[in-house]
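Reading the structure
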Amino acid sequence: MKNIFKYLGVFALVLVTIKANAQEEKKPESNSFFKDRKFNLNEDGSNYVKFTMLAQLWLRSQDYNPGTTIFGIEKSSGTDIGIRRFRIQIYGQITDRVFIYSQFGQNNLNNISDRKQGFFLHDAMGEYAIDKTKLSLGMGLSGWSGLARFSSPSTGSILGVDAPLFQQTTNDVTDQFLRKLSVFAKGKLGKLDYRIAMAQPMAIQKSVNYNPAINTNWNFSAAPPKMQWNGYFQYQFKDQESNLMPYMTGTYLGKKKVFNIGAGFIYQKDAMWKLNAVGDTINHNMLHLSADIYYDAPVGSKGQAISAYASVTKYDFGDNYTRNLGVMNPANGNNNATILNGAGNAFPMYGTGTTLYGQIGYKLKENLIGKTTLMPYASIQSSNFNRLNDQMNFYDIGVNWLLANHTSKFTVSYQDRPIYNTAGDQVSRNGAVIAQYQVFFN
C-alpha cells in the first residue's frame, strides 16, 4: 500500500491543474431550448426530456485476503485502477401524467474484466400518475425496491466513497445490480412518502456465482421463484424530498433541511432451499425488516452542513447463511480453503442476523480552499450474523474534496474489513486506501 501515496499526489496535482484551467473559462450563455440539461416539450418546461452522465473512477491499493490468486498466481496485495460506475440517464415527463425513465452504464470495470462488454440496461420503466402527488403506478426494470433508504441510492450524491451495499440484499443474485422487474406504486400522503412493489426475481441460474449443487446450507432456490414483495415508508418531517425517481440522495450538502424516519421490508415465499438431515429438499421464506433515520441540513452561517444516517436491519435468509461481496474485486481465485472470505477484497457483507449501520459527514465552510471545500465522513457496518462467532465490523473513513459540489469531487477513503476462517472465527483484518474522482453531469 505504500505506493498509493505517490499515486495520490500525482492525482491531486492533476485535479488542481484541471480546476485552475476551469476557473479561467467563461460560462456559456444560457439556451432557452436546452436549459438545465433539458429539452423542453412545451413552453413552461413542465414536459421535457433530460439526460445526465456520471463517472466514478477509482485508484486503489489494498491488502488481499489470505490465499488470493489472480489467474492462478498468488498475490498478497496490489494496486488497481478501475471504473467503479459509469452511467447515462435519459428520462422525461412526456405528458402531465406520463413519465419514462431509462439508465444505461457499466459497473466495476477493471483489468481482469471481460473486455468490450458494452453498456447494459440498468433501468427501463414507465409510469402513469393517477393522482400527481398521491399515487403513481408503473412497471419495468427499476430500483423501486423496499427495505431501507439506501436500498436504492442516488450514486451521484453518495456521502462517502460508496453506498452501504448491504442494504441491496439480493444484489446481482436475483436482480440486476439491485434493479428488479416489478410493478410498483408510489406517492405521498401528506408527509408520508411510500413505495410498494411486486417484483419477479430473476433466475438464480443466470447469476455470476451460481452453483447448481444443493446441500445442507441455505441458499437461493433454483426452482421457479415466487413473487417478491417490497415496501418502504418514510415520514418526512422537514423539507420534502422528490420521489420522481427511486434513488435516494446521499447528502444535499446543505441545500435542504431533511429529517426522515423510515421503515421497510422485503418478503419472498420459498426463496431459499437446502437438504434436511434425511436428504429431502426443504424451503424457507426470505424476510428482511429495517428501520432508519436520516438527517441532512445546513449548520452555521458559512455554508457548513451535516449529514447523518442510521439503520437497523433484521435479515432472514435461513440459519447460518452468509454471502461475500468484494467491490470491483481485483482477484478471481483463492487457494486457501480455510478462509471464508474468498478472493481479493471480499468479506461476509450479507447474512442472517442483525445489522447496525451508521454514517456521518460534516461539510466545512464554503471557500475553505480557494472556491472549494472539504467534507470528512465516517461509517460503520456492524453485523451480528449467526454463521459467525465474532461481530462483523466494516469501517470506512475518508474526506471529500468538493471541487464543485457533487459535479466534481475527489474522495480519499480508508476501509478496514475482517478476515474469517470457515469455522466463523475472525483471524485478522485487512485494509484498503481508495482514491475516487467523480464527474457528475446533472
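For the structure itself, consult the block above.
Below or above, wherever it landed, is the structure these notes cover. (Residues numbered from 1 in each chain as written. Predicted model: local features only at pLDDT ≥ 70, side-chain atom pairs only at ≥ 80, totals over all residues. Heavy atoms only, no water.)

**Details of the overall build of the chain**
Secondary structure summary: the chain contains 1 helix and 23 strands in total. Against the globule reference of 22 Å for 442 residues, the chain gives a C-alpha radius of gyration of 22 Å, in line with a compact fold. Taking all 442 residues of the chain together, the buried fraction comes to 50%. Considering only contacts in the chain between residues 6 or more positions apart, those separated by 24 or more positions represent 68%. Of the roughly 20,300 Å² of accessible surface on the chain, a fraction of 59% belongs to carbon and sulfur atoms. Looking at the chain, you have 44 positive and 31 negative side-chain charges, and the mean spots of the two groups are 4 Å apart. (Helix = DSSP H or I, 4+ residues; strand = E, 2+ residues; numbered from the N terminus. Rg over C-alpha atoms; globule rule 2.2 N^0.38 Å. Buried < 20%, exposed > 50% of the residue type's maximum accessible area, 1.4 Å probe, protein only. Contact = heavy atoms within 4.5 Å. Areas by Shrake-Rupley, 256 points an atom, 1.4 Å probe, with all protein chains shown as cover. Lys, Arg positive; Asp, Glu negative; His and termini not counted. Charge placed at Lys NZ, Arg CZ, Asp CG, Glu CD.)

**Observations concerning the sheet that holds strand β4 (residues 73-74)**
Read across the open sheet, the 3 strands follow the order β4-β3-β17; overall the sheet is antiparallel. Each edge of the open sheet is held by one strand with a lone partner, namely β4 and β17 (333-334). Note: strand β3 (residues 68-70) against β17, 2 bridges, orientation antiparallel. Considered in β17, the bridge of T69 is made with G333. (Pairing = 2+ DSSP bridges.)

**Brief notes about the environment of I94**
Assignment of secondary structure puts I94 in the loop between β5 (77-93) and β6 (98-109). The partly exposed category is assigned to I94, whose relative accessible area is 35%. Along the primary structure I94 and V49 are separated by 45 residues, whereas in three dimensions their C-alpha atoms are 7.3 Å apart. Apart from residues lying up to four places away in sequence, I94 is in contact with L41, N47, Y48, V49 and I100.

**Some remarks on the environment of H284**
Structurally, H284 is set in strand β14 (residues 281-298). It is 8.3 Å that separates the C-alpha atoms of H284 and W218, two residues lying 66 residues apart in sequence. Ignoring sequence-local partners within four residues, the contact set of H284 consists of W218, D270, A271, M272, D316, F317 and G318.

**Looking at unusual backbone geometry**
Backbone geometry at N108 places phi at a positive 60°, although glycine is not the residue there. You can see N108 is positioned in strand β6. Phi is positive for L147, which is not a glycine, with a value near 95°. Tracing the sequence through the fold places L147 in the loop between β8 (135-142) and β9 (180-189).

**Points about the nonpolar core**
Membership of the largest hydrophobic core comes to 44 residues, with the highest contact counts inside it found for F220, M272, F317 and M392. Per-element accounting of this core gives the leading share, 5 residues, to strand β13 (residues 258-275). With sequence-adjacent residues up to four places away left out, F220 is seen in contact with T170, V173, T174, I204, A271, M272, W273, M286, F317, Y321 and R323. Judged by nonpolar contacts, the second largest core, of 11 residues, contains Y48, Y101, W144 and M245. (Core = buried A, V, L, I, M, F, W, Y, C linked by side-chain atoms within 4.5 Å.)

**Notes on the side chain of D123**
Structurally, D123 can be placed in strand β7 (residues 120-131). We classify D123 as buried; its relative accessible area is 0%. Within polar-contact distance, the side chain of D123 engages the side chain of R179 at 3.2 Å. A polar atom in the side chain of D123 sits 2.4 Å from the side chain of Y247. (Polar contact = N/O pair within 3.5 Å; in protein donor to acceptor, adjacent residues only side chain to side chain.)

**A look at the pairing of β6**
Summarising the sheet, β5 and β6 pair through 10 bridges and their orientation is antiparallel. Residue I88 lies in a different strand from β6, and its bridge partner there is F104. Hairpin geometry of β5 and β6 is characterised by an intervening segment of 4 residues between the two adjacent antiparallel strands. By the bridge criterion, 8 bridges tie β6 to β7 in an arrangement that is antiparallel. Counted as the bridge partner of S102 is A124 from β7.

Worth remembering: the numbers are spatial, not functional.
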